[in-house]
Amino acid sequence: MADKTLNDLFHDTLKDIYYAERKILKSLPKMARAAQSPELKAAFEKHKDQTEGQIERLQKVFEIIDKAPRGKTCDAIEGILAEGDEIMEEYKGSPALDAGLLAAAQAVEHYEITRYGTLKRWANELGLKDAAKLLNETLQEESQTDLDLTTIADASVNDNAKA
């Protein structure tokens, strides 16, 4: 195992986020259906479209490093999404549902932000400038989605949850 390099770590982490994005893509329609707030529903639908583009970017990064786009089970995203499923079940029909969904979505965003930030730094370190550019594009989208969710929380969702 001592012969593992940053290239190997980059590839493994790329497989991790590829798996995660594909799982997230499957979860977003369910979250959109569960959301009561029209703004939150729209945010989930918008992010579903973005996630499709993010998966395409990841496939390009795999091409850049001459590897097949393949995922590797990501226990972290499995756990985060399972928590979101629990919230949908336990808070269905309650005023706090949207606040819980929004918090679960931000947990996903924060995970993605850490992964893309790390991958971008490593791509730069490895001289993979085109990959770094693609990863940065996704990092910016994920950061903006997190800000958008915060705006929705502050504008209405958290107040409505207190009702």
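Described in the following lines is the structure provided in the data block. All of these numbers come straight from a predicted model, not from anything done at the bench.

1. Things to note about empty space enclosed by the protein
A full pass over the atoms with the stated rule returns 2 cavities of 30 Å³ or more. The volume enclosed by the largest cavity comes to roughly 100 Å³. Lining the largest cavity are 13 residues; nearest its centre among them are Leu28, Phe44, His47, Ala105 and Glu109. Of all the secondary-structure elements, those providing two or more residues to the lining of the largest cavity are α1 (6-34), α2 (38-64), α4 (97-125) and α5 (129-162). Within the lining of the largest cavity, the residues separate by chemical class into 9 nonpolar, 3 polar and 1 charged.

2. Points about the side chain of Glu142
Position of Glu142 among the secondary structure elements: in helix α5. The side chain of Glu142 sits in the buried core without any salt bridge; Arg57 is the nearest counter-charge, 7.3 Å away. Beyond its immediate chain neighbours, meaning those up to four positions away, Glu142 contacts Glu21, His47, Gln54, Glu109, Glu112, Ile113 and Tyr116.

3. Comments concerning the nonpolar core
Formed by 46 residues in total, the largest nonpolar core has its most connected members in Phe10, Leu14, Ile17, Phe44, Ile77, Leu101 and Leu135. The set of elements that each furnish at least two residues to this core consists of α1, α2, α3 (75-90), α4 and α5. Per-element tally for this core: the top contributor is α4, with 11 residues. The residues touching Phe10, leaving out its near neighbours within four places in the chain, are Val61, Ile65, Leu119, Trp122, Ala123, Leu126, Leu128 and Leu135.

4. Considerations on the packing of aromatic side chains
Under the defined criterion, the tally for this structure stands at 1 aromatic pair. Measuring from ring centre to ring centre gives 5.3 Å for Tyr18 and Phe62, while their planes differ by 75°; the resulting arrangement is edge-to-face. Taken together, the residues Tyr18 in helix α1 and Phe62 in helix α2 connect sequence positions 44 residues apart. Each member of the pair, Tyr18 as well as Phe62, carries the same accessibility label: buried.

5. Considering the packing of α1 against α4
A pair of packed helices is captured by two measures, namely the crossing angle of their axes and the spacing between those axes. One can describe the packing of α1 onto α4 by two numbers: an axis separation of 10 Å at closest approach and a directional angle of 160°. Considering the angle they form, α1 stands roughly antiparallel to α4. Read as a crossing pair, α1 and α4 show a hand that is left-handed. Looking at the contact of α1 with α4 residue by residue, the class counts come to 18 nonpolar, 1 polar and 6 charged.

6. Considerations on the packing of α4 against α5
Two numbers describe how α4 lies on α5: the axes approach to 8 Å, and their chain directions differ by 160°. Between α4 and α5, the angle is such that the two are roughly antiparallel. Pair α4 / α5 crosses with left-handed handedness. Looking at the contact of α4 with α5 residue by residue, the classes come out as 16 nonpolar, 10 polar and 7 charged.

7. Things to note about the pattern of salt bridges
Under the defined criterion, the tally for this structure stands at 9 salt bridges. In this structure, Lys46 engages Asp148 in a salt bridge whose closest nitrogen and oxygen atoms are separated by 3.7 Å. With Lys46 in helix α2 and Asp148 in helix α5, this pair connects stretches of sequence that are 102 residues apart. Each of the salt bridges in this network shares a partner with another, and the network as a whole consists of Arg57, Glu137 and Glu141.

Cut-offs and rules
- Residues numbered from 1 in each chain as written.
- Predicted model: local features only at pLDDT ≥ 70, side-chain atom pairs only at ≥ 80, totals over all residues.
- Heavy atoms only, no water.
- 1 Å grid on protein atoms, 1.4 Å probe; cavity = no way out; pocket = protein on both sides within 12 Å on 5 of 7 lines; lining within 4 Å.
- Points joined across faces, edges and corners; volume = space filled by probe spheres on them.
- Helix = DSSP H or I, 4+ residues; strand = E, 2+ residues; numbered from the N terminus.
- Nonpolar A, V, L, I, M, F, W, Y, C, P; charged D, E, K, R; others polar.
- Buried < 20%, exposed > 50% of the residue type's maximum accessible area, 1.4 Å probe, protein only.
- Lys, Arg positive; Asp, Glu negative; His and termini not counted.
- Salt bridge = Lys/Arg side-chain N within 4 Å of Asp/Glu carboxyl O.
- Contact = heavy atoms within 4.5 Å.
- Core = buried A, V, L, I, M, F, W, Y, C linked by side-chain atoms within 4.5 Å.
- Phe/Tyr/Trp six-rings, centres within 6.5 Å; stacked < 30°, edge-to-face > 60°.
- Axes fitted to C-alpha atoms, helices over the stretch in contact; angles between N-to-C directions.
- Parallel < 35°, antiparallel > 145°, perpendicular 65-115°, else oblique.
- Left-handed = near helix turned anticlockwise from the far one by under 90°.

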